[in-house]
Amino acid sequence: MKLTDRLLKIASLVDKDKKIADIGTDHGYIPVYLLNKNIINYAILGDINKGPLENAKKEVVRNNLSDKVDLRLGSGIEVLKPNEVDQIIIAGMGGVLINDILKANEPVAHSAEKLILQPMQSPEELRKFLYQNGYEILDEYLVREDHRLYEIIVCRYRDLKPADIDSIYYEVGQKLIEKNDPLIKDFIENKIRINKNILNKLEGKEGSAIDERKAIVSKKIEDLNSLLSK
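Attention in this report is confined to the structure presented alongside it. (Residues numbered from 1 in each chain as written. Predicted model: local features only at pLDDT ≥ 70, side-chain atom pairs only at ≥ 80, totals over all residues. Heavy atoms only, no water.)

**Overview of helix H4 (residues 95–104)**
Short version of the rule: Burial here depends on accessible area, computed with a 1.4 Å probe over protein chains only, as a share of the maximum for the residue type. Under 20% is buried, over 50% is exposed, and the range in between is partly exposed. The numbering of helices and of strands both runs from the N terminus, where a helix is a DSSP run of H or I of at least 4 residues and a strand a run of E of at least 2. In this description, one arc is meant: the one made by directions from the helix axis to the C-beta atoms. Only heavy atoms enter the contact rule, under which two residues are in contact if any of them lie within 4.5 Å.
Along H4, the residues that are buried comprise Gly95, Ile98, Asn99, Ile101 and Leu102. Considered in projection along H4, the buried side chains sweep an arc of 160 degrees and stay on one side of the axis. For H4, the elements touching its buried residues are strand S4 (87–93), helix H5 (106–111), strand S5 (114–119), helix H6 (123–132) and strand S6 (135–145).

See the structure below:
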């Protein structure tokens, strides 16, 4: 099985000999890959929809892994019990939805030794939630696939006090800056382009709400430029 670069990076972050859960598993590609490579020996595959779970089941059967897999139909990590697995993957969905999944079963989210999160949209909302709800961000990664940069956040619950950090670090992960991720320059420059396009679209429009929006976007561009110089 050949994983895409995004899925391969997520798989590489799972530690050897750990019990894992793959939430929103779709075809079950990541756990099947990890089991075939003998990196793990047990996985729970969860999905809220029957169709994807059936696809995952077919993949599991095709690879003769039925005795090492538990397939569960249900919403998010509500299919899990506390301490049932060591590490949890939640990938390929929006940041706000990932927040909701973590909130829906806090005993499970809090008991995991590692959460590997890959938001497709609103990563800034996910980071904000993690910083404000006692989680420690252990590391972050950028992966390029099909002309798009994907963000992966590795974290765990530590019962920390809400972190008082500059809001620009919701947009761009501090870990990415600290380690000078190979893709960080492209990542920030792309964010600057997006925000400049927003400003251009607001050009010529008037009103207090428009002025406020322009100010927020201009400040964000300024902050992003300052990150480039670090």
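**Section: the nonpolar core**
We apply this condition: Only buried residues count toward a nonpolar core. Its members are Ala, Val, Leu, Ile, Met, Phe, Trp, Tyr and Cys residues joined through side-chain atoms within 4.5 Å.
Core analysis: the largest hydrophobic core is formed by 27 residues, its most contacted members being Ile77, Leu80, Ile88, Ile90, Leu102, Leu117 and Leu130. Sorting the residues of this core by element identifies strand S1 (20–23), S4, H4, H5, S5, H6, S6 and strand S7 (148–157) as the ones contributing at least two each. If one sorts the elements of this core by residue count, H6 sits on top with four residues. Aside from chain neighbours lying at most four places away, what touches Leu130 is Leu102, Leu117, Tyr135, Ile137, Ile153 and Cys155. Core analysis: the second largest hydrophobic core is formed by 26 residues, Ile30, Val32, Val69 and Ala91 among them.

**Regarding the packing of helix H9 (residues 184–202) against helix H10 (residues 208–228)**
Where we set the bar: As a rule, the C-alpha atoms of each element are fitted with a line to give its axis, helices using only the stretch in contact, and angles between N-to-C directions run from 0 to 180 degrees. Working definition: roughly parallel below 35 degrees, roughly antiparallel above 145 degrees, roughly perpendicular at 65 to 115 degrees, and oblique for all remaining angles. Note: crossing handedness is left-handed where the near helix turns anticlockwise from the far helix by less than a right angle, and right-handed where it turns clockwise. Classification convention: Asp, Glu, Lys, Arg as charged; Ala, Val, Leu, Ile, Met, Phe, Trp, Tyr, Cys, Pro as nonpolar; all other residues, Gly among them, as polar.
For the pair H9 and H10, interaxial distance at closest approach is 9 Å and the crossing angle is 160 degrees. Classified by the angle between their axes, H9 and H10 sit roughly antiparallel to one another. Remark: the crossing between H9 and H10 carries left-handed chirality. Contact residues: Lys185, Ile188, Glu189, Lys191, Ile192, Asn195, Lys196, Ile198, Leu199 and Leu202 in H9; Ile210, Arg213, Lys214, Val217, Ser218, Lys220, Ile221, Leu224, Asn225, Leu227 and Leu228 in H10. Its residues assigned to classes, the contact of H9 with H10 shows 11 nonpolar, three polar and seven charged.

**Focus: the pattern of salt bridges**
Going by this rule: The term salt bridge refers to a pairing of a side-chain nitrogen on Lys or Arg with a carboxyl oxygen on Asp or Glu at a separation within 4 Å.
For the coordinates displayed, the defined rule picks out 17 salt bridges. Lys114 is the partner of Asp15 in a salt bridge, and the nearest nitrogen-oxygen pair spans 3.1 Å. A residue pair is termed long-range when its members are at least 10 positions apart, and Asp15 in the loop between helix H1 (5–12) and S1 and Lys114 in strand S5 qualify at 99 residues. For Glu113, the salt bridge identified is with Lys18, shortest N-O distance 3.1 Å. With Glu113 in the loop between H5 and S5 and Lys18 in the loop between H1 and S1, this pair connects stretches of sequence that are 95 residues apart. The class for Glu113 is partly exposed, based on a relative accessible area of 34%. One salt-bridge network, in which partners are shared between bridges, spans Asp70, Arg72 and Glu84.

**Quick look at the sheet that holds strand S2 (residues 43–47)**
Formally: Pairing between two strands requires that DSSP report at least two bridges joining them.
In spatial order, the strands read S3-S2-S1-S4-S5-S7-S6; together these seven strands make up an open sheet with mixed pairing. Two strands lie at the open edges of the sheet, namely strand S3 (69–73) and S6, each paired on one side alone. With direction set aside, neighbouring strand axes in the sheet form an average angle of 15 degrees. Running over the sheet, helix H3 (residues 50–62) touches S2 and S3 and is turned about 170 degrees from S3.

**Quick look at the environment of Ala43**
Tracing the sequence through the fold places Ala43 in strand S2. Distance in space between the C-alpha atoms of Ala43 and Pro31 is 6.4 Å, their sequence separation being 12 residues. For Ala43, the contacting residues outside a window of four places in its chain are Ile20, Pro31, Lys68, Val69 and Asp70.

**Description of the packing of H4 against H6**
Remark: H4 packs on H6, axes separated minimally by 7 Å, with the N-to-C direction vectors making an angle of 30 degrees. Between H4 and H6, the interaxial angle falls into the category roughly parallel. Handedness of the crossing formed by H4 with H6: right-handed. Note on element contacts: H6 touches H4 through Glu125, Leu126, Phe129 and Leu130, opposite Gly95, Val96, Ile98, Asn99, Leu102 and Lys103. Here the residues of the contact of H4 with H6 sort into six nonpolar, two polar and two charged.

**Let's talk about the packing of aromatic side chains**
This is how the line gets drawn: Here is the rule: rings of Phe, Tyr and Trp (six-membered ring for Trp) pair when centre to centre is within 6.5 Å. Planes less than 30 degrees apart are stacked, more than 60 are edge-to-face, and the remainder are tilted. Charge over a ring is defined by NZ of Lys or CZ of Arg lying within 6 Å of the ring centre and within 35 degrees of the ring normal.
Following the criterion strictly, the structure yields three aromatic pairs and no others. Relative to Tyr135, the ring of Phe129 lies with its centre 6.1 Å away and its plane at 40 degrees, an arrangement referred to as tilted. The pair formed by Phe129 and Tyr135 is uniform in burial state, with each residue classed as buried. For the ring pair Tyr131 and Tyr170, a centre distance of 6.2 Å and an interplane angle of 45 degrees mean the geometry is tilted. Highlighted residues: Tyr131 in helix H6 and Tyr170 in helix H7 (residues 168–171), separated in sequence by 39 residues. Within the aromatic cluster, the residues linked to one another by ring pairs are Phe129, Tyr135 and Tyr157. Between Arg6 and the ring centre of Tyr150, over which it is positioned, the NZ or CZ distance is 5.6 Å. Lying over the aromatic face of Tyr141, Lys179 brings its terminal NZ or CZ to 3.8 Å of the ring centre.

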